[in-house]
Amino acid sequence: MLFNSFQFLIFFPVVTAAYWALPHRRRWQLLIIASCYFYMVLVPEYILILFFLILVDYFAGLFIDKAEGRIRKLILVISLMANIGTLGVFKYFNFFNNNLGLVFDLFGWKYTISNLHLILPIGLSFHTFQSMSYTIEVYRKRYPAERHLGFYALYVLFYPQMVAGPIERPGNLLRQFHQEQTFEYQPVADGLKLMMWGLFKKIVIADRLAILVNNVYDTPTHYTGLPLILATYCFSFQIYCDFSGYSDIAIGAAKVMGIRLMKNFDRPYYAKSIGEFWKRWHISLSSWFRDYVYIPLGGNRVATGRWYFNLFFVFLVSGLWHGANWTFVIWGALHGMYLIGSILTQKVRDRLSAVTDLPNYPLLKKLVGIFITFHLVTFSWIFFRAKSLKAAWYIITHLFRFSSDQSIWTLGLDRFELLIALLAIVCLESVHLLQRQQPVTQRLRPQPAWLRWSFYGATVVVILLFGKFTSLDFIYFQF
């Protein structure tokens, strides 16, 4: 089910009302049924894959908790292999099979293994990573094995974040399912406001920009110069508003039920460096890779060369996590090189900053950092969005080949639509600036009721008047 669909408009209030009407001991049953329905609206049969992973990891957690020595590690490995193996079959088998076939062809060898005709289950990468975090935390003795199968199943199936995160840890989400939530006005109101803000991002900005981006990136060879540049900038805002919009709705929907999900975005395009960007963008995934891949590899507590390898490897794997395509691998590799490059050039940049007297102009220094970081990230988005390396290379090599017969008014959005998109982005960034020290909702609380409700009402009117109600999938559903 999509958050931006009519179905969800009915589903959410019905489930939420029933949730608060039921006693605590029955709520988990309601949420499991609702979550299964939420998922099965999209692809019914793939719920069986989730049931399989739930059973494997539930019993793995119990066995790990009781076992000692090598047996504990063996059970953990079996659990991880079940998750990674499931992900590998559905998401990566054809990718590696095709590339292996190309290698065989290169040497003139015969290769007869056919691709699998499988559809990638929606959100499978999120499910497996959340499941793996549970067994790893139990293995590390940071969280006790969950005895209640229903609560553990809900940890994997919880509908607000089951498809595209945030990727939760048992210490946060699973613990809350055991706690009795009491109805409180303020969290419910804040959750609804966050959901409204997420819908604004998704259907007013992201889905509007998607029209232009899709027209250009689906047939990039039809364009040169300004259309390619505009589409690339638009995609930067599209993917942010699409994904952070989903996260806002998910976090808000959970908050209405008294459940606190982790923050997943923190104004990432205001980052002054690539390292800071990854502390602000998809926080649940970047922290997952930090805790379960980067630190176990040694992190920065190793020789310099190994440290660089650890950084690059994590970003390479992160790229592959996003999709079984070389475009995603290059995207991840670019961010790895950005981060390593920033470390290698730190002294040179400090000297250049001193020579230009930038330290005496902190605001200018900050703006320069934001400008450079944003454009490095935007450049990398070309590989993320392009359908192939060939298409990405064409876009990069034709970005600045301007032609007088290329018009931005033939890209799917007329002048009025582009103006609406621009004004919506200005509104987005204005809110981001206001939120530097305090969320807008907290700023509004002490204001008179007429002012608060006028603001909320105006936001709803803008969504209804200017939203694109075409129920477009969220970008991160494909992962």
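(A) How the structure looks around the packing of helix H4 (residues 70–106) against helix H12 (residues 304–322). The interhelical angle for the contact between H4 and H12, taken along N-to-C directions, is 105 degrees, at an axis separation of 10 Å. In this view, H4 runs roughly perpendicular relative to H12, as classed from their interaxial angle. Residues Lys-91, Tyr-92, Phe-95 and Phe-96 of H4 touch H12, and the partners they reach there are Leu-320, Trp-321 and His-322. When its residues are assigned to classes, the contact of H4 with H12 shows 5 nonpolar, 1 polar and 1 charged.

(B) The arrangement of the packing of helix H9 (residues 226–256) against helix H15 (residues 362–385) in detail. The N-to-C vectors of H9 and H15 enclose an angle of 90 degrees; their axes lie 9 Å apart at closest approach. Our classification of the angle between H9 and H15 gives roughly perpendicular. Judged by residue contacts, Thr-232, Tyr-233, Phe-235, Ser-236, Phe-237 and Ile-239 of H9 engage Phe-374, His-375, Thr-378, Trp-381, Ile-382, Phe-384 and Arg-385 from H15. Residue composition of the contact of H9 with H15, grouped by class: 8 nonpolar, 4 polar and 1 charged.

(C) Region of interest: the environment of Ser-287. Summarising the element assignment, Ser-287 is placed in helix H11 (residues 283–294). Note on Ser-287: relative accessible area 10%, which makes it buried. Along the primary structure Ser-287 and Ile-167 are separated by 120 residues, whereas in three dimensions their C-alpha atoms are 9.5 Å apart. The residues contacting Ser-287, other than those within four sequence positions of it, are Arg-169 and Met-262. Within polar-contact distance, the side chain of Ser-287 engages the backbone oxygen of Ser-284 at 3.2 Å.

(D) Representation of the packing of aromatic side chains. Here the structure, examined in full by the defined rule, presents 63 aromatic pairs. Here the basic side chain of Arg-27 rests over the ring of Tyr-19, its NZ or CZ set 4.8 Å away from the ring centre. For the cation-ring pair, Lys-91 lies above Trp-321, with the distance from its terminal atom to the ring centre recorded as 5.4 Å.

(E) Representation of unusual backbone geometry. One non-glycine residue with positive phi stands out, namely Lys-141, at about 65 degrees. Residue placement: Lys-141 occurs in the loop between helix H5 (124–139) and helix H6 (149–157). Positioned with a positive phi, His-282 is a non-glycine residue whose angle comes to about 40 degrees. Structurally, His-282 can be placed in the loop between helix H10 (274–280) and H11. The exposure class assigned to His-282 is buried, which follows from its relative accessible area of 0%.

(F) Up close: helix H2 (residues 24–40). Here H2 is 17 residues long and its end C-alpha atoms lie 25 Å apart, about the 24 Å a rise of 1.5 Å per residue gives. Here the buried face of H2 lies against helix H1 (6–21), helix H3 (47–66), H5 and H6.

(G) Here's a closer look at the state of the cysteines. Evaluation of the coordinates by the stated rule reveals 0 disulfides. Looking at Cys-234, it has no disulfide partner, and the nearest cysteine sulfur is the one in Cys-241, 11 Å off. For the unlinked cysteine Cys-427, the closest cysteine sulfur is that of Cys-241, found at 10 Å.

(H) Just the pattern of salt bridges, in detail. All chains considered together, the criterion is met by 15 salt bridges. The residue Asp-207 makes a salt bridge to Lys-202 at a minimum N-O spacing of 2.9 Å. Like Asp-207, the residue Lys-202 is buried in the burial classification. Across the pair Glu-417 and Arg-208 runs a salt bridge, and its minimum N-O distance is 2.6 Å. Note that Glu-417 is positioned in helix H17 (residues 415–434) and Arg-208 in helix H8 (residues 185–218), a separation of 209 residues in sequence. For the pair shown, Glu-417 and Arg-208 are each scored as buried. Three or more residues are tied together by salt bridges with common partners; here these are Arg-169, Arg-290 and Asp-291.

Rules behind the numbers
- The residue numbers shown here count from 1 along each chain, following its written sequence.
- Where local features are concerned, this predicted model is filtered to residues with pLDDT of at least 70; where side-chain atom pairs are given and counted, the filter is 80 or more; whole-chain, interface and lining totals use all residues.
- No hydrogens and no water enter the side-chain calculation; it runs on all heavy atoms of the structure.
- Between the N-to-C directions of two axes lies an angle of 0 to 180 degrees, each axis being a line fitted to C-alpha atoms and, for a helix, fitted only over the stretch in contact.
- In DSSP terms, a helix is any run of H or I states spanning at least four residues, a strand is any run of E spanning at least two, and both are numbered starting from the N terminus.
- Orientation is classified from the angle alone, with under 35 degrees giving roughly parallel, over 145 giving roughly antiparallel, 65 to 115 giving roughly perpendicular, and any other angle giving oblique.
- Contacts are assigned to residue pairs with any non-hydrogen atoms lying within 4.5 Å of each other.
- Residues are grouped as follows: Ala, Val, Leu, Ile, Met, Phe, Trp, Tyr, Cys and Pro are nonpolar; Asp, Glu, Lys and Arg are charged; every other residue, Gly included, is polar.
- Only protein chains enter the accessibility calculation, which uses a 1.4 Å probe; a residue whose area is less than 20% of its type maximum is buried, one above 50% is exposed, and one in between is partly exposed.
- We call two N or O atoms a polar contact when they sit within 3.5 Å, provided that within protein one can donate a hydrogen and the other can accept it, with sequence-adjacent residues counted only if both atoms are side-chain atoms.
- Only Phe, Tyr and Trp rings are paired, with Trp represented by its six-membered ring, and only when their centres lie within 6.5 Å; those with planes under 30 degrees apart are stacked, over 60 edge-to-face, the remainder tilted.
- To sit over a ring, a charge needs its Lys NZ or Arg CZ within 6 Å of the ring centre and within 35 degrees of the ring normal.
- Expected span, for any helix, means 1.5 Å times one less than how many residues it has.
- Here, a disulfide means two cysteine sulfur atoms that sit within 2.5 Å of each other.
- The working definition used for a salt bridge is a side-chain nitrogen of Lys or Arg within 4 Å of a carboxyl oxygen of Asp or Glu.

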